[in-house]
Amino acid sequence: MSILEVNHLSVSFKQYTAGLKQSHHKVISDLNVNLEAGEILAVVGASGSGKSLLAHAILGILPANASVSGVMTYEGEELTPARQKALRGKEIALVPQSVNYLDPLMKVGKQVRTSVQTGDAVQAQRRVFERFRLGREVERMYPFQLSGGMARRTLLSTAMVSGAKVIIADEPTPGLDPVVIKEALSHFREFANQGCAVMLITHDIESALQIADKIAVFYAGTTVEIAKAEDFAGQGEAIRHPYSKALWRALPQNDFVPITGSQPHPSALPPGCLFAPRCAMATPECLQAQPEMRPLRDGMVRCIHAT
Amino acid sequence: MQLKANDIGFRYENGPWLFRGVNLCIEPGEVVGIAGPSGRGKTTLCRILSSYETPLEGSVTFNDAPLPDKGYHPVQMVLQHPEKAVNSRWKMHSILNEGYHPDEELLEILGIEQEWLTRWPHELSGGELQRFCVARALGPNTRFLIADEMTTMLDAITQAQIWQAVMEIAQKREMGIIVVTHEAKLMQRLCDRVIEL
Ligand code: SF4
């Protein structure tokens, strides 16, 4: 069963340009994702594809000049701003991208304890630290005294003790050692195995595939494909969308050959299919309207020609 | 035109040695990887090779002479976070032309679009910004390029685009490249040989 559903989400930003003219930039359009209990959904795509904004939209922490439309539900009920606020950090937890989210002036043991909802906070914190191999001395340290890996495990501990049912992890691995990455990823698998739904936001398909059940591919602020992780294999024959295929083929262990061009800016989105300017399969029809997401071979795709 | 590290060693203050007795010799046109777990000083070694840091022991030579301490440095470095490497109060064309004036051809190979030049850094994505940082590092007198996790934050397509461009330019100019990355598959793809630190 889905714990969290996002349907037709759009997010735009109001911006003032020269002469106080207002302009609206649509940074997310018609985006759909589903999080299921016990599953890891990896959200992959280039920077600027709207991945982090989706996380912020779910948590209700978008900046004030953002306007949001579409429907999000949590356990079948609409996720209103009031509910987002009530659930944030309790049932829906963010594992942020940056360790700067830790309070620099509070000892980390205490920070983790403040996230505990029920029961003995000290005990819960010590148990989770033990599990993540953070020694007793760490609880009395300040964030600046932690190594990068320790800081990351502290952030994970915070999410873990909160007892959240939905964990959203925003780029938790870049620049880490393969060993540390593997460890971080296995923690997410553990979350999911305990019945949590995990959304893993990353630009790194390869890491994502190691643990994810499903992959959502983002492009220019929208979902272009939802696939099973197993579909990303071989020459990418089972992959549905031309962009996802291109992403797969560009990996160093595959062809390492990129398609040309770059993702359009929110201020200059092309008409019709957002991928059309870079798509080798594009036909005049593709320019008519943005294709809808449609089911295809046990997955979803936003492309009129995908088979 | 070799870049050589001769028995170099480094540590901070009175801390433990990060590394000692490191020897390295890179020929023009060669692509060499530096591998090793984090904390072994890969980035510090890169900083020493590009004269941002002085080794406590040993020396770095370029063409069998000490590296020049004035003028354009023949060893240039591109790092992981482009947003930290550019002045956020400058528009892109000023950032691009800070050290020298990259020509149209270079911009085209790197996929830098004219329209991006009038933007502020925060209006570009990480991949777009990184192309500028690469262009900036590829002045006509650059003989060696150090790519320290240069494409770690980028998606696979942007990563392949940037590397394809860099390799093409390196080949044309017989420029040497030092690659630091934790991604074993990328390392394998790019490098003629890999040194363990
Ligand atoms: S709809 Fe057309 S342009 Fe868009 S991805 Fe499919 S084939 Fe390419």
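On a predicted model such as this, the values are computed, not experimentally measured, just so you know.

For chain B, the helix and strand inventory stands at 7 helices and 9 strands. Relative to the 2.2 N^0.38 estimate, which gives 16 Å for 197 residues, the radius of gyration of chain B is 17 Å and therefore close to what a compact globule would have. Referenced to the eigenvectors of the C-alpha coordinate spread, the extents of chain B come out at roughly 50 × 35 × 35 Å. Summing over all exposed atoms, chain B offers an accessible surface of approximately 9300 Å²; the carbon and sulfur share of this is 48%.

This part covers the sheet that holds strand β4 (residues 57-62) of chain B. All names here are of chain B. The strand order across the open sheet formed by 4 strands is β2-β1-β4-β5, and the pairing between neighbours is antiparallel. The strands lining the two open edges of the sheet, one partner per strand, are β2 (19-26) and β5 (65-66). As judged from the 2 bridges shared by β4 and β5, these two strands associate in the antiparallel manner. Pairing of phenylalanine 62 across the sheet is with alanine 65, part of β5. Contacts from helix α1 (residues 42-49) reach β1 (3-10), β2 and β4, with the element oriented near 125 degrees to β1.

Let us now look at the sheet that holds strand β8 (residues 197-202) of chain A. Residue and element names in this part refer to chain A. Read across the sheet, 8 strands follow the order β6-β7-β8-β3-β9-β10-β12-β11 without closing on themselves; strand pairing throughout is mixed. The two strands at the open ends of the sheet, each matched to only one other strand, are β6 (92-95) and β11 (294-296). Taken pair by pair, the neighbouring strands of this sheet meet at an average axis angle of 25 degrees, ignoring direction. Pairing of strand β3 (residues 40-44) with strand β9 (residues 214-219) involves 4 bridges; the strand directions are parallel. Each bridged residue has a counterpart across the sheet, and for valine 43 the counterpart in β9 is alanine 216. Against the sheet, helix α6 (residues 178-193) contacts β3, β6, β7 (166-170) and β8, and its axis sits at roughly 155 degrees relative to β8. In the packing of helix α8 (residues 242-249) onto the sheet, contacts are made with β3, β9 and β10 (222-228), and the angle to β9 comes to roughly 105 degrees.

Below, the discussion takes up the domain arrangement of chain A. All names here are of chain A. Structurally, chain A comprises domain 1 (2-12 + 24-91 + 164-178 + 189-260) and domain 2 (103-162). Residue-level contacts link 10 residues of domain 1 with 7 residues of domain 2. Taking both partners together, domain 1 and domain 2 bury about 720 Å²; carbon and sulfur atoms supply 50% of that area. Taken as a group, Lys90, Glu190 and Phe191 account for 48% of the area that domain 1 buries against domain 2, more than any other trio of residues on that side. Summed over the shared surface of domain 1 and domain 2, the number is 1 salt bridge.

Once that is clear, we can look at the UniProt feature "domain: ABC transporter" (unreviewed entry) in chain B. Per the UniProt entry, the sites bearing "domain: ABC transporter" (unreviewed entry) are residues 3-197 of chain B in this numbering. For residues 3-197 of chain B, helix accounts for 31% and strand for 24%, while the C-alpha atoms at its two ends are 17 Å apart.

Okay, the side chain of arginine 302 of chain A next. All names here are of chain A. Within the fold, arginine 302 resides in the segment after β12 (299-301). Reaching out from arginine 302, the side chain makes a polar contact with the backbone oxygen of threonine 223 at a distance of 2.8 Å. A polar side-chain atom of arginine 302 sits 3.1 Å from the main-chain carbonyl oxygen of proline 291. Once residues within four sequence positions are removed from consideration, arginine 302 is found in contact with Asp30, Asn32, Thr222, Thr223, Val224, His241, Gln290, Pro291, Glu292 and Met293.

Counted according to the given criterion, the structure contains 7 aromatic pairs over all chains. When the ring of tyrosine 243 of chain A is compared with that of phenylalanine 275 of chain A, the centres are 5.6 Å apart and the planes differ by 65 degrees; the resulting orientation is edge-to-face. Of this pair, tyrosine 243 of chain A sits in helix α8 while phenylalanine 275 of chain A sits in the loop between α8 and β11, and the two are 32 residues apart along the sequence. The buried category is assigned to phenylalanine 275 of chain A, whose relative accessible area is 3%. Ring centres of phenylalanine 62 of chain B and phenylalanine 144 of chain B lie 6.3 Å apart, and the angle between their planes is 90 degrees; on these two criteria the pair is classed as edge-to-face. Taken together, the positions of phenylalanine 62 of chain B in strand β4 and phenylalanine 144 of chain B in strand β7 (residues 144-148) put the pair 82 residues apart, joining distant regions of the chain. Residues phenylalanine 62 of chain B and phenylalanine 144 of chain B agree in their burial class; the two are buried.

Reading guide: rules and limits
Residues numbered from 1 in each chain as written. Chains lettered and ligands numbered in written order. Predicted model: local features only at pLDDT ≥ 70, side-chain atom pairs only at ≥ 80, totals over all residues. Heavy atoms only, no water. Helix = DSSP H or I, 4+ residues; strand = E, 2+ residues; numbered from the N terminus. Rg over C-alpha atoms; globule rule 2.2 N^0.38 Å. Areas by Shrake-Rupley, 256 points an atom, 1.4 Å probe, with all protein chains shown as cover. Pairing = 2+ DSSP bridges. Contact = heavy atoms within 4.5 Å. Axes fitted to C-alpha atoms, helices over the stretch in contact; angles between N-to-C directions. Domains from an automatic or database assignment. Buried area = accessible area lost by both parts, 1.4 Å probe. Salt bridge = Lys/Arg side-chain N within 4 Å of Asp/Glu carboxyl O. UniProt positions renumbered as here; feature names shortened; annotations may be inferred. Polar contact = N/O pair within 3.5 Å; in protein donor to acceptor, adjacent residues only side chain to side chain. Phe/Tyr/Trp six-rings, centres within 6.5 Å; stacked < 30°, edge-to-face > 60°. Buried < 20%, exposed > 50% of the residue type's maximum accessible area, 1.4 Å probe, protein only.

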